[in-house]
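Below, each chain spelled out in residue letters.
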Amino acid sequence: MIFDLIKKRRSVFPVQYNSSPIAKSDIEKILEAANWAPTHRKTEPWRFKVLLGESKPRLGQFLSKKYQETEASPKQIKFKKLLENPRRAGAIIAICMQRDPKESLPEWEEIAATAMAVQNMWLCCAEMGIGCYWSSPGLIQYMGEFLELNEGEKCLGFLYMGYYDEEIPEQTRTPIAEKTVWLEY
């Protein structure tokens, strides 16, 4: 059931990944799931750039260097995390959004559609036993220096992906009744 899959979805972080590679065909399936997200006016604003092989450590080098350049007092632990997380991942998908050139709808709707595409990928990963985590560091504003971005395209973060060995604990949520108002008048 989809409800069970939704409840099973978790953030699994790069430090938890093992070294098992992710097959290109599995990544393609995950991307195809993204492509079926809802999209207002059918703009399909999601764009993805898949980082494999040497592009992963290059991303880590870029992020850690940019962090040192832009942070007044960089912390060694964050520098190390930015450097190492991309190397730990089986794959990284840069999550990008292409703004409709006609601006026929508000930008937030295209961002929301892209987020729904990411949720589809996340659910697909959960079903396939692949851990993932959406990271949106402040450094994404500089990704045009690392990735080829088209005019009107912006990077919204990275979906780090990898297989993992440990059991991921169940989570809880506060009751939905505490977050819902019923208007029946």
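About the thresholds
Residues numbered from 1 in each chain as written. Predicted model: local features only at pLDDT ≥ 70, side-chain atom pairs only at ≥ 80, totals over all residues. Heavy atoms only, no water. Helix = DSSP H or I, 4+ residues; strand = E, 2+ residues; numbered from the N terminus. Rg over C-alpha atoms; globule rule 2.2 N^0.38 Å. Buried < 20%, exposed > 50% of the residue type's maximum accessible area, 1.4 Å probe, protein only. Core = buried A, V, L, I, M, F, W, Y, C linked by side-chain atoms within 4.5 Å. Contact = heavy atoms within 4.5 Å. Salt bridge = Lys/Arg side-chain N within 4 Å of Asp/Glu carboxyl O. Expected span 1.5 Å × (residues − 1). Bend = angle between axes of the 7 residues up to and from the residue. Pairing = 2+ DSSP bridges. Axes fitted to C-alpha atoms, helices over the stretch in contact; angles between N-to-C directions. Phe/Tyr/Trp six-rings, centres within 6.5 Å; stacked < 30°, edge-to-face > 60°. Lys NZ or Arg CZ within 6 Å of the ring centre and 35° of its normal. Parallel < 35°, antiparallel > 145°, perpendicular 65-115°, else oblique. Left-handed = near helix turned anticlockwise from the far one by under 90°. Nonpolar A, V, L, I, M, F, W, Y, C, P; charged D, E, K, R; others polar.

(A) Representation of the overall build of the protein in the model. Each helix and strand in the protein was counted, giving five helices and four strands. When the elements of the protein are put in sequence order from the N terminus, they spell out α-α-β-α-α-β-α-β-β. What you see for the protein is a C-alpha radius of gyration of 18 Å, in line with the 16 Å of a compact globule of 185 residues. In terms of overall dimensions, the protein has C-alpha extents of about 55 × 45 × 40 Å along its principal axes. When the 185 residues of the protein are sorted by exposure, 41% land in the buried category.

(B) Highlighting the nonpolar core. One finds Ile-30, Met-121, Leu-159 and Met-161 to be the most contacted residues of the largest nonpolar core, which totals 23 residues. Secondary structure elements with two or more residues in this core: helix H2 (24-34), strand S2 (91-98), helix H5 (107-128) and strand S4 (153-162). Examining the composition of this core, we find that seven residues originate from one element, H5, more than from any other. Setting aside anything within four residues of it in sequence, one finds Leu-159 in contact with Ala-91, Ile-92, Ile-93, Ile-95, Val-118, Met-121, Cys-132, Tyr-133 and Trp-134. Leu-63, Leu-139, Cys-155 and Tyr-160 belong to the second-largest nonpolar core, a separate cluster that totals 21 residues.

(C) Quick look at the pattern of salt bridges. What the rule picks out here adds up to seven salt bridges. In this structure, the salt-bridge partner of Glu-69 is Lys-66, at a minimum N-O distance of 3.3 Å. With Glu-69 and Lys-66 both in helix H3 (residues 55-70) and three residues apart, the pair spans about one turn of that helix. When its relative accessible area of 10% is taken as the criterion, Lys-66 is described as buried. Here the salt bridges do not stand alone but share partners, grouping Lys-65, Lys-66, Glu-69 and Glu-145 into one network.

(D) Up close: helix H4 (residues 76-88). Here H4 contains 13 residues, and its C-alpha end-to-end distance of 18 Å stays within 8% of the 18 Å for a straight helix at 1.5 Å per residue. Residue Leu-82 marks the point of greatest curvature in H4, where the axis turns by about 25 degrees; the proline Pro-86 follows within four residues.

(E) Focus on the sheet that holds strand S1 (residues 46-51). With antiparallel pairing, four strands are arranged side by side in an open sheet as S1-S2-S4-S3. Looking along the sheet, the strands with just one partner apiece sit at the ends: S1 and strand S3 (131-135). Between one strand axis and the next, the sheet turns by 25 degrees as a mean value, whatever way the strands run. For S1 and S2, the ladder comprises six bridges, and the chain directions are antiparallel. Pairing of Arg-47 across the sheet is with Cys-96, part of S2. Packed on one face of the sheet, H5 meets S1, S2, S3 and S4 and runs near 155 degrees to S2.

(F) Representation of the packing of aromatic side chains within the structure. Overall, the coordinates contain three aromatic pairs when judged by the stated rule. Look at Phe-62 and Phe-146: their rings are 5.3 Å apart centre to centre, the planes differ by 35 degrees, and that puts the pair in the tilted class. Placement of Phe-62 in helix H3 and of Phe-146 in the loop between S3 and S4 is noted, with a sequence separation of 84 residues between them. For Phe-62, a relative accessible area of 16% gives the class buried. Ring geometry for Phe-158 versus Tyr-160: centroids 6.2 Å apart, planes at 65 degrees, classification edge-to-face. The buried category is assigned to Phe-158, whose relative accessible area is 1%. For Arg-9, the ring lying beneath its charged end belongs to Trp-122, and the centroid distance is 4.6 Å. For Lys-66, the ring lying beneath its charged end belongs to Tyr-142, and the centroid distance is 5.1 Å.

(G) Up close: the packing of H3 against H4. Packing of H3 against H4 leaves a shortest axis separation of 7 Å and a crossing angle of 165 degrees. With respect to H4, the axis of H3 lies roughly antiparallel. As for the relative orientation of H3 and H4, their crossing is right-handed in sense. Counting all contacts with H3, which are made through Lys-56, Pro-57, Leu-59, Gly-60, Gln-61, Leu-63, Ser-64, Lys-65, Tyr-67 and Gln-68, the residues of H4 involved are Lys-78, Phe-79, Leu-82, Leu-83, Pro-86 and Arg-87. Within the contact of H3 with H4, the residues separate by chemical class into eight nonpolar, four polar and four charged.

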